[in-house]
Amino acid sequence: MDNHPIEQHIPRLRRYARALVRDRYAADDLVQDTLERAWNKLHLWRQGSDMRAWLFTIMHNVFVNQARSRRQEVERSMEEMPVVAVRGHQGQELELLDMDRALQMLPPDHREVLLLVAVEELSYEETSQALGVPIGTVMSRLSRARERLRMLTSPQGMTSLKVVK
Amino acid sequence: MNRITETDLQAYVDGMLPDSALADVESHLAATPEDAERVRAWRELNSVLRSTFNPVLDEQVPERLLGRPRQRLHRHALAASLVGIGIAVGATTGWFARGALSGIPLAGSVAPGIARQAAIAHAVYSPEVRHPVEVGADQQEHLVRWLSKRLGTDLRCPKLSALGYELVGGRLLSGPNGPVAHFMFQDTRGGRLTLYVSVQKGESRQTAFHFAQEDKVAVFYWIDGSYGYALSGEISHDALLRVADVVYKQLNP
């Protein structure tokens, strides 16, 4: 059986969603909602254009709608930041477990940019299109996301974080 | 040498810097240890991010994400059409009906009441994102007490961890004969099973396991005393039977 092009992108949509929302089930829900919309709007997809970028755009829209109602949770998790700081203490290297958790400390729009660029390897231009923001915004979010993660996951970062607090 | 910007450094890390600018950035880094360190950390960040999330690519895609929905009904519309109109669980139910319709004539697939009701409840609640259950597994004791009280029996909630399913929680439903207890379980890939427990009309009796396939949803159901049980999931007959067997044994120790 031939897979429809949409289906070929599912593994990558799942990877992005997992990094974005962390919880495995919630991530697949996000993918499912994205696919549902994509199938609905398939007639709007331009033949020959990059389907993956199109799917990421849809996922972004679904995510933003969901994130709106989750905003309070995000704010709460920001308050819990010192817990992460303690965990990040040992070792010079970034730790895998901490990465997963530290990512959730980023504002969602910064996390999106970082993941699209670093994990999904979209170009800055594609990222800007997928998220519907100017390239300048992509670059500044990317830079801030990286600096924030560097602080959250390195022992030196922890120190400066405490100073900031 | 041109002034090196933050954007140049990012692009360098992401491999998006035009070749013509490479030499400038590299000599800047050689002369500026602080930026070299940042670039190193960002690179490491990229590689940690990838190694953290790349394994997702190799996971098996959950069944619920595959295939094209036949007819686009939003989940809520789906629930309304199933519950409100009592429409046949079949060709009109979006995700539920997707994929291989398996060629089973709908009329022939109509299973006895409980299997059908359980399949509908499964189809309605198992795709639910935000409120899959009324009471979560964290309040399991309260959940079981509450549902026991409403059904007028001592319910037990099976433990399926050994089979890879964890309790999500449960809810109270209304069935043709009154209250129904509905438990939901989930495996690590997000596959969900539901256990439907309802009061049976008529005299107390016992039946063997029966199997019904309601489109994508497989159901094992049995009657034990005054209660009917139905275990539903979008998994194979054999896989579901293994779980049903464990459920049965746990409920009848």
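Predicted, not measured: the structure shown is a model, and the values here were computed from it.

J.: What exactly am I supposed to notice about the overall build of chain B here?
T.: What chain B contains, in helices and strands, is 8 helices and 8 strands. A total of 253 residues make up chain B; the buried ones form 36% of that total. Partitioning the contacts of chain B with sequence separation of at least 6, the portion at a separation of at least 24 is 57%.

J.: I tried to follow the overall build of chain A on my own but got confused; where do I start?
T.: If you tally the helices and strands in chain A, you get 10 helices and 0 strands. Counted from the first residue to the last, chain A has its helices and strands arranged as α-α-α-α-α-α-α-α-α-α. Looking at chain A as a whole, 39% of its 165 residues qualify as buried. Counting contacts in chain A only where the partners sit at least 6 residues apart, residues at least 24 apart contribute 65% of the total.

J.: Quick question: what am I supposed to make of the nonpolar core here?
T.: Buried together is how nonpolar side chains tend to be arranged in soluble globular proteins. The biggest cluster of nonpolar side chains holds 51 residues, and the ones touching the most others in it are A:Y16, A:A17, A:L30, A:V31, A:M59, A:V113 and A:L115. Residue contacts for A:A17: discarding those within four places in its chain leaves A:A27, A:L30, A:V31 and A:M59. Within the second largest apolar cluster, 40 residues are counted, among which are B:A121, B:C157, B:Y196 and B:Y229.

J.: How do you make sense of the pairing of strand 7 (residues 217-225) of chain B when you look at a structure like this?
T.: Along a regular strand, successive side chains alternate from one face of the sheet to the other. Residue and element names in this part refer to chain B. The pairing of strand 5 (residues 205-206) with strand 7 spans 2 bridges and is antiparallel. Its bridge partner being in strand 7, R205 is matched across the sheet by G225. Bridge analysis of strand 6 (residues 210-214) against strand 7 gives 5 bridges, and the strand direction is antiparallel. Among the inter-strand pairings, H210 is bridged to a residue of strand 7, identified as Y221. Linking two consecutive strands that pair antiparallel, namely strand 6 and strand 7, is a turn of 2 residues; a positive phi of about 55 degrees is found at D215 within it. Counted between consecutive antiparallel strands, the loop separating strand 7 from strand 8 (residues 227-233) contains 1 residue.

J.: Which parts of the structure should I look at to understand the interface of chain B and chain A?
T.: The extent of an interface is frequently quoted as the accessible surface area lost upon association of the parts. Of the residues lining the interface, 30 residues belong to chain B; the matching set on chain A comes to 34 residues. Among the secondary structure elements, those contributing two or more residues to the side of chain B that touches chain A are helix 1 (6-13) and helix 3 (33-53) of chain B. Examining the composition of the side of chain B that touches chain A, we find that 10 residues originate from one element, helix 3 of chain B, more than from any other. Broken down by class, the residue content of the side of chain B that touches chain A amounts to 15 nonpolar, 8 polar and 7 charged.

J.: Explanation requested: the pairing of strand 4 (residues 192-199) of chain B in the structure shown.
T.: Residue and element names in this part refer to chain B. Of all 8 residues in strand 4, 7 are buried, a share of seventy percent or more. Note: strand 3 (residues 178-186) against strand 4, 7 bridges, orientation antiparallel. Residue pairing across strands places F185 opposite L193, the latter belonging to strand 4. If you look at the hairpin formed by strand 3 and strand 4, you'll find 5 residues sitting between the two strands, and G190 has a positive phi there, around 90 degrees.

J.: Sorry if this is basic, but what is going on with the packing of helix 7 (residues 108-118) of chain A against helix 9 (residues 135-153) of chain A here?
T.: Helix-helix packing is characterised by the crossing angle of the two axes and by the distance between the axes. Residue and element names in this part refer to chain A. Orientation of helix 7 relative to helix 9, taken along the N-to-C sense of each, is 95 degrees, at an axis distance of 8 Å. With respect to their mutual orientation, helix 7 and helix 9 come out roughly perpendicular. Contact with helix 7, carried on its side by D109, H110, R111, V113, L114 and V117, involves V138, R141, L142, R144, A145 and R146 of helix 9 and no other residues of that element. When its residues are assigned to classes, the contact of helix 7 with helix 9 shows 6 nonpolar, 1 polar and 5 charged.

J.: Mind showing me how you'd approach unusual backbone geometry here?
T.: Among all residues except glycine, the phi angle is most often negative; among peptide bonds, the trans geometry is most common. Residues and elements named next belong to chain A. One non-glycine residue, R22, lies in positive phi territory at about 70 degrees. Secondary-structure assignment places R22 in the loop between helix 2 (10-21) and helix 3 (24-40). For R22, a count of 13 C-beta atoms within 10 Å translates into the label partly exposed. A positive phi angle, near 55 degrees, is found at E121, a position not held by glycine.

J.: I tried to follow helix 2 of chain A on my own but got confused; where do I start?
T.: Residues spaced three or four apart along an α-helix point in a common direction, a consequence of the helix completing one turn every 3.6 residues. Residue and element names in this part refer to chain A. When the terminal C-alpha atoms of helix 2 are compared, their 16 Å separation across 12 residues agrees well with the 16 Å that a helix rising 1.5 Å per residue should span. Within helix 2, 10 of the 12 residues are buried, which leaves the element mostly enclosed by the surrounding structure. Looking at helix 2, one finds that the buried residues are I10, L13, R14, R15, Y16, A17, R18, A19, L20 and V21. R22, located one to two residues past helix 2, shows a positive phi value of around 70 degrees.

J.: Sorry, what's going on with helix 8 (residues 237-251) of chain B here?
T.: Residue and element names in this part refer to chain B. Relative to the 21 Å expected for 15 residues at 1.5 Å per residue, helix 8 spans 21 Å between its end C-alpha atoms, a close match to the ideal helical length. Burial in helix 8 covers these residues: L240, V243, A244 and V247. The buried residues of helix 8 occupy an angular sector of 105 degrees when the element is viewed end-on, so they sit on one face. Turned more than 90 degrees off the buried face of helix 8, the exposed positions are D238, R242 and K249. Residues of helix 8 that are buried make contact with strand 4, strand 7 and strand 8.

J.: Help me understand the confidence of the model for chain B in this model?
T.: Low pLDDT means the predicted atomic positions in that stretch should not be read closely. Residue and element names in this part refer to chain B. Residue-level pLDDT values for chain B average 79, and 81% of them are 70 or greater. Highest mean pLDDT in chain B belongs to helix 1 (94); lowest belongs to helix 5 (residues 106-109) (31). Scored below 50 in pLDDT, residues 71-111 makes 63 contacts in the model with residues more than four places away or belonging to other chains. Reported confidences for the modelled complex are a pTM of 0.53 and an ipTM of 0.80.

J.: Just checking my understanding: could you explain the packing of helix 2 of chain A against helix 3 of chain A for this structure?
T.: All names here are of chain A. Put simply, helix 2 and helix 3 touch, their axes get as near as 8 Å, and they point 130 degrees apart. Considering their axes alone, helix 2 and helix 3 lie oblique with respect to each other. The way helix 2 lies across helix 3 gives a crossing that is right-handed. Along its contact with helix 2, which presents I10, L13, R14, A17, R18 and V21, the element helix 3 presents R24, A26, A27, D28, L30, V31 and T34. Of the residues assigned to the contact of helix 2 with helix 3, the class counts are 8 nonpolar, 1 polar and 4 charged.

Rules of the game
- Residues numbered from 1 in each chain as written.
- Chains lettered and ligands numbered in written order.
- Predicted model: local features only at pLDDT ≥ 70, side-chain atom pairs only at ≥ 80, totals over all residues.
- Helix = DSSP H or I, 4+ residues; strand = E, 2+ residues; numbered from the N terminus.
- Buried ≥ 20, exposed ≤ 12 C-beta atoms within 10 Å, placed from the backbone.
- Contact = placed C-beta atoms within 7 Å.
- Core = buried A, V, L, I, M, F, W, Y, C linked by C-beta atoms within 7 Å.
- Pairing = 2+ DSSP bridges.
- Nonpolar A, V, L, I, M, F, W, Y, C, P; charged D, E, K, R; others polar.
- Axes fitted to C-alpha atoms, helices over the stretch in contact; angles between N-to-C directions.
- Parallel < 35°, antiparallel > 145°, perpendicular 65-115°, else oblique.
- Expected span 1.5 Å × (residues − 1).
- Arc of directions from axis to C-beta.
- pLDDT = per-residue confidence, 0-100.
- Left-handed = near helix turned anticlockwise from the far one by under 90°.

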